[in-house]
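# Breakdown of the fold
Spelled out, the chains give:
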Amino acid sequence: MNGLGAKSNQQIKDMVNKCIENFRNQQNLYAKMLYYAKMQLEQTEATDVKEVEALLLKRTECLDEIIVLNQHNKILQDEIVDELNMSSFILSQLHEKLDSNQYEELKNIIAQTGDILREISIVDKENEKFIRSGLGTGASNAPKASNKQAKSAYNKSMNQNKEKN
C-alpha cells in the first residue's frame, strides 16, 4: 500500500476490510430483497394480498438497513479516500493503493452486489408488469409503492457502484 496519510498501512487495511464487510452485509440484504421480490411475484400471481403486503414490509425493512449501511460505508470510503490521497473511492484508483487480495475481494463483492441488484430490477419489472396487467387486482396498490422503492434503491446502488468503477 502506498498510503501517504496519517494512518498506518494496517489501519488503512482495517478500514478497507470494514468497508468490504459492509458491502458484504449489504449484499446479504439485497439477496434477501431478491428472495422477497420473487416471493412477491408468486404471491401477486396468486392474488394473496396479505402475503404480498408482508413481503413488502420485509423488503422495506431490508431497505432501511441498507440505507444505514450505505451511510456507514460512505464514511469509511471518505476516510480511505482521505488517507490514500485520492479524489474519490474508485476501484481503478484503489487498484494501485491496495494489496491485490484486498482489491480483488472489494472488486468481487461490488460486482456480485451489482448482479443481485440487476436481478432485483428484472423481478420488480415482472412484478410491475403483472400488476399493471390487472391480473393481481387485489394487490395492485401496495406492490407499486414497493417496486418504486426498490427501483429507487436499485438506482442509487447502481449509481454508487458506477462511481466506484
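About the thresholds
Residues numbered from 1 in each chain as written. Predicted model: local features only at pLDDT ≥ 70, side-chain atom pairs only at ≥ 80, totals over all residues. Heavy atoms only, no water. Helix = DSSP H or I, 4+ residues; strand = E, 2+ residues; numbered from the N terminus. Polar contact = N/O pair within 3.5 Å; in protein donor to acceptor, adjacent residues only side chain to side chain. Salt bridge = Lys/Arg side-chain N within 4 Å of Asp/Glu carboxyl O. Buried < 20%, exposed > 50% of the residue type's maximum accessible area, 1.4 Å probe, protein only. Contact = heavy atoms within 4.5 Å. Expected span 1.5 Å × (residues − 1). pLDDT = per-residue confidence, 0-100. Core = buried A, V, L, I, M, F, W, Y, C linked by side-chain atoms within 4.5 Å.

### Section: the side chain of Lys97
By the secondary structure assignment, Lys97 is in helix H3 (residues 91-97). Looking at Lys97, its side chain comes within polar contact range of the main-chain oxygen of Leu84, at 3.2 Å.

### Re the pattern of salt bridges
Within the structure shown, the criterion is met by eight salt bridges. Glu105 is paired through a salt bridge with Arg24; the nearest N and O atoms lie 2.7 Å apart. Linking Glu105 in helix H4 (residues 100-132) with Arg24 in helix H1 (residues 9-45), this pair joins segments that are 81 residues apart in sequence. For Arg24, a relative accessible area of 27% puts it in the partly exposed group. Between Lys74 and Asp78 there is a salt bridge whose closest N-O contact spans 2.9 Å.

### Quick notes on the environment of Leu34
Its location among the elements puts Leu34 in helix H1. Between the C-alpha atoms of Leu34 and Arg118, which are 84 residues apart in sequence, the distance is 9.7 Å. Here Leu34 is in contact with Ile116, Glu119, Ile120 and Val123, once residues within four sequence places are set aside.

### Looking at H1
Quick reminder: α-helices carry 3.6 residues per turn. Residues three or four places apart thus point the same way. Look at H1: 53 Å from first C-alpha to last across 37 residues, which is about the 54 Å you get at 1.5 Å a residue. Within two residues after H1, Thr47 carries a phi angle of roughly 55°, on the positive side.

### What to know about unusual backbone geometry
A positive phi angle, near 50°, is found at Asn85, a position not held by glycine. Within the secondary structure layout, Asn85 lies in the loop between helix H2 (49-83) and H3.

### Quick look at the confidence of the model for the protein chain
When the pLDDT values of the protein chain are averaged, the result is 83; 77% of them are 70 or greater. Counting contacts from residues 136-145, a segment whose pLDDT is below 50, to residues more than four positions away or on other chains yields 14 contacts.

### Points about the nonpolar core
Phe23, Ile80, Leu84, Phe89, Leu94, Leu98 and Leu106 are the most contacted members of the largest nonpolar core, which has 19 residues in total. Among the elements of the structure, H1, H2, H3 and H4 are those that each provide at least two residues to this core. With six residues, the top contributor of residues to this core is H1. The contacts of Leu94, once residues within four sequence positions are left out, are Ile80, Leu84, Met86, Phe89, Tyr103 and Leu106. Counting residues in each nonpolar core, the second largest holds 16 residues, with Leu29, Tyr36, Leu69 and Val123 among its members.

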